[in-house]
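Here's the letter readout for the chains.
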Amino acid sequence: MTLSTEDLHKIIKQHLKSDDFEFISYEYSHLQNKSIGFLSNQDKKCITYKVQDEIEELYIFVKELPYSDTHREITIQMGAFQRESLVLEEILANFQDYSIPIPKCLLTKPDGTIVLNDISMEGYQNKDLYETLDLVHCKKVLKSLSKIHGASFIMESREEIKLNEKYPIIETEVLLNADPEHPGCKCFGVGLNAIKEIAQEFLPDYPAEVTDMAFDYMEQVLDKLKPSQVHTNALSHSDMWGNNIMYKYDNGNLEEACIIDFQLTTYKPPAFDVLFFLHNCTARDLRTSYDTYLSKYYFSALSKQLAQSNINIDDIMSWTDFEEQKKEYLPIVLATVPMYLSFILMPVHVINDVMNNDTEFCRYFLEDRTEYAIQAMNESTFYRERVLESLMELFDYFKEN
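A separate point is the pattern of salt bridges. Tallied over the full model, the rule gives 18 salt bridges. Put simply, D261 and K63 hold a salt bridge, and the shortest N to O gap is 3.5 Å. Taken together, the residues span a long stretch of sequence, with D261 in the loop between β10 (253-259) and β11 (266-268) and K63 in strand β4 (residues 54-64) at a distance of 198 residues. Neither D261 nor K63 differs from the other in exposure class; each is buried. A salt bridge links E393 to R287; its shortest N-O distance comes to 2.5 Å. You can see E393 sitting in helix α14 (residues 381-400) and its partner R287 sitting in helix α9 (residues 284-307), a full 106 residues away along the chain.

Pairing geometry for strand β5 (residues 105-108) and strand β6 (residues 114-117), over three bridges, is antiparallel. Of the residues in β6, the one forming a bridge with L107 is V115.

By the secondary structure assignment, N164 is in helix α5 (residues 163-166). The buried category is assigned to N164, whose relative accessible area is 14%. Within the local environment of N164, its side chain forms a polar contact with the side chain of E171, the two groups lying 2.7 Å apart. Leaving out residues up to four positions away in the same chain, N164 has contacts with I170, E171 and Y267.

Time to look at the sheet that holds strand β7 (residues 124-125). The sheet built from three strands is open, its strands ordered β7-β9-β10 with antiparallel pairing. Two strands bound the open sheet, and with one partner strand each, they are β7 and β10. Here two bridges tie β7 to strand β9 (residues 245-250), and the two strands are oriented antiparallel to one another. The residue bridging Q125 from the neighbouring strand is Y247, located in β9. In the packing of helix α4 (residues 135-159) onto the sheet, contacts are made with β9 and β10, and the angle to β10 comes to roughly 40°.

Okay, a negative patch on the surface next. Residues E27, D53, E54, E56 and E57 make up a contiguous surface patch of negative charge. Within the secondary structure, E27 is located in strand β1 (residues 22-28). Overall, the relative accessible area of 43% leaves E27 in the partly exposed class.

A few words on α4. Helix length check: α4 (25 residues) gives 36 Å between terminal C-alpha atoms against 36 Å at 1.5 Å per residue, within 8%. Just beyond α4, the residue with positive phi is E160, at close to 55°.

With that out of the way, let us pick up the environment of K140. Structurally, K140 is set in helix α4. Among the residues examined, K140 registers a relative accessible area of 22% and is labelled partly exposed. Distance from K140 to N251, taken between C-alpha atoms, is 17 Å for residues 111 residues apart in sequence. Contact partners of K140, with chain neighbours within four places excluded, come to L254, E255, E256 and A257. At a separation of 3.2 Å, a polar atom in the side chain of K140 contacts the main-chain carbonyl oxygen of E255.

Time to look at the packing of aromatic side chains. This model, assessed by the stated rule, comprises 17 aromatic pairs. Each ring, one from Y290 and one from Y293, has its centre 6.2 Å from the other, and the planes form 65°; the classification is edge-to-face. Here Y290 pairs with Y293, and both are found in helix α9, just three residues apart, close to one helical turn. Ring geometry for F299 against W319: centres 5.4 Å apart, planes inclined by 75°, an arrangement best described as edge-to-face. Remark: W319 occurs in helix α10 (residues 319-344) and F299 occurs in helix α9; sequence separation between them is 20 residues. The class for W319 is partly exposed, based on a relative accessible area of 22%. Members of the aromatic cluster, each reached through a chain of ring pairs, are F343, F361, Y364, F365 and Y372. The lysine or arginine in question, K268, covers the ring of F272, its NZ or CZ lying 4.4 Å from the ring centre. Above the face of the Y364 ring, R369 is positioned so that its terminal group lies 5.0 Å from the ring centre.

Moving on, we come to the nonpolar core. With 65 residues, the main nonpolar core has I198, M346, L391, L394 and F395 as its most contacted residues. For this core, the leading source of residues is α10, giving 11 residues. The contact partners of M346, leaving out residues within four places of it in the chain, are Y130, I351, Y364, R369, Y372, A373, A376 and Y383. Grouped together as the second largest cluster of nonpolar side chains are 52 residues, I91, C281, F299 and M317 included.

The end-to-end C-alpha distance of helix α1 (residues 5-16), which contains 12 residues, comes to 17 Å, matching closely the 16 Å that a straight helix rising 1.5 Å per residue would cover. The complete set of buried residues in α1 reads D7, L8, I11 and I12. Seen from one end, α1 has its buried residues packed into an arc of 130°, which puts them on one side. Buried residues along α1 sit against β1, β3 (41-51), β4, β5 and β6. Positioned one or two residues after α1, K17 has a phi angle of 60°, which is positive.

Parameters and conventions
Residues numbered from 1 in each chain as written. Predicted model: local features only at pLDDT ≥ 70, side-chain atom pairs only at ≥ 80, totals over all residues. Heavy atoms only, no water. Salt bridge = Lys/Arg side-chain N within 4 Å of Asp/Glu carboxyl O. Helix = DSSP H or I, 4+ residues; strand = E, 2+ residues; numbered from the N terminus. Buried < 20%, exposed > 50% of the residue type's maximum accessible area, 1.4 Å probe, protein only. Pairing = 2+ DSSP bridges. Polar contact = N/O pair within 3.5 Å; in protein donor to acceptor, adjacent residues only side chain to side chain. Contact = heavy atoms within 4.5 Å. Axes fitted to C-alpha atoms, helices over the stretch in contact; angles between N-to-C directions. Patch = residues over 30% accessible without salt bridge, like charges linked within 9 Å, V, L, I, M, F, W, Y side chains within 5 Å. Areas by Shrake-Rupley, 256 points an atom, 1.4 Å probe, with all protein chains shown as cover. Lys, Arg positive; Asp, Glu negative; His and termini not counted. Charge placed at Lys NZ, Arg CZ, Asp CG, Glu CD. Expected span 1.5 Å × (residues − 1). Phe/Tyr/Trp six-rings, centres within 6.5 Å; stacked < 30°, edge-to-face > 60°. Lys NZ or Arg CZ within 6 Å of the ring centre and 35° of its normal. Core = buried A, V, L, I, M, F, W, Y, C linked by side-chain atoms within 4.5 Å. Arc of directions from axis to C-beta.

Listed below in structure tokens is the structure:
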């Protein structure tokens, strides 16, 4: 990951909001943590500079297009980096006045490079992906999520234009895209085939008419992921799972949740993000016990966010409206989460083999994921429990409705 001297000066200038500095050096962070993400390569660096005779260090998080040919081409076709660059520079940059815990964008480049401040240096960290969240963590995430949604409503109100009118691209899905030629659609289809095999092998006792209804709905669900013509839409993160949330603690007490990675951002009713987060990151027992409580907590936090800008939440979205959103989007979320969990919760040794081999990645993403999924079901208790729980919740919904 090479940044030019010109890039480095732009980064420091953006960080300081001043060009009164002297660049000194650029090197790997001593906390270096290079990794391969699903849609990017990631690295950490440290920039050293002098300002007013003081030596300062700026730790940065650098995202680039994947290096392998197939992985890179899929990411380009999906438009993930273009989407994140737009959202960071054109939309989220206008949210800085609202104290939203999100990383600051320091640079974007046409080649797909994105540079952010390294929030791990501020104490933020990921939780273990292979654990579900408790109530305390859920509340912090929903509070941060409400700030993003609220800021988008405030921005629309002040500029007197809807975000999708100003940035039409956010109406389209980056991953869960219904176009049969789109790599995201192919990825979903491959995942659906794996889910069907899992259901047949591990949940054979569900009535065929129930599973058939559920799978028929799953095959059509991508067509339903569009901005609503009925409900209020907001900027939607659309990728609320464990690795896209970082937490800050003080002596073991949770202070704040920071939502990261805006590559899949779209424009949907707020209930989608709320439901998608809860079903991706919590156990069914917690959702059953605290669904109403967490929904009211989110709605109250959103109301307070809007009130600070003298906006009455009922002028945007009433509590009844939000409940109706939840009813409409619940089956949509139930139908997408099994595929999502079967993808993101793959055991580390399995996913590392895939990410480090271009041929295997192509097979995993676009051709046939069933073998990997069955392997994970047999080898990982957590993977098996989460995937089966999501499938049973989907089947139970169609059994009851």
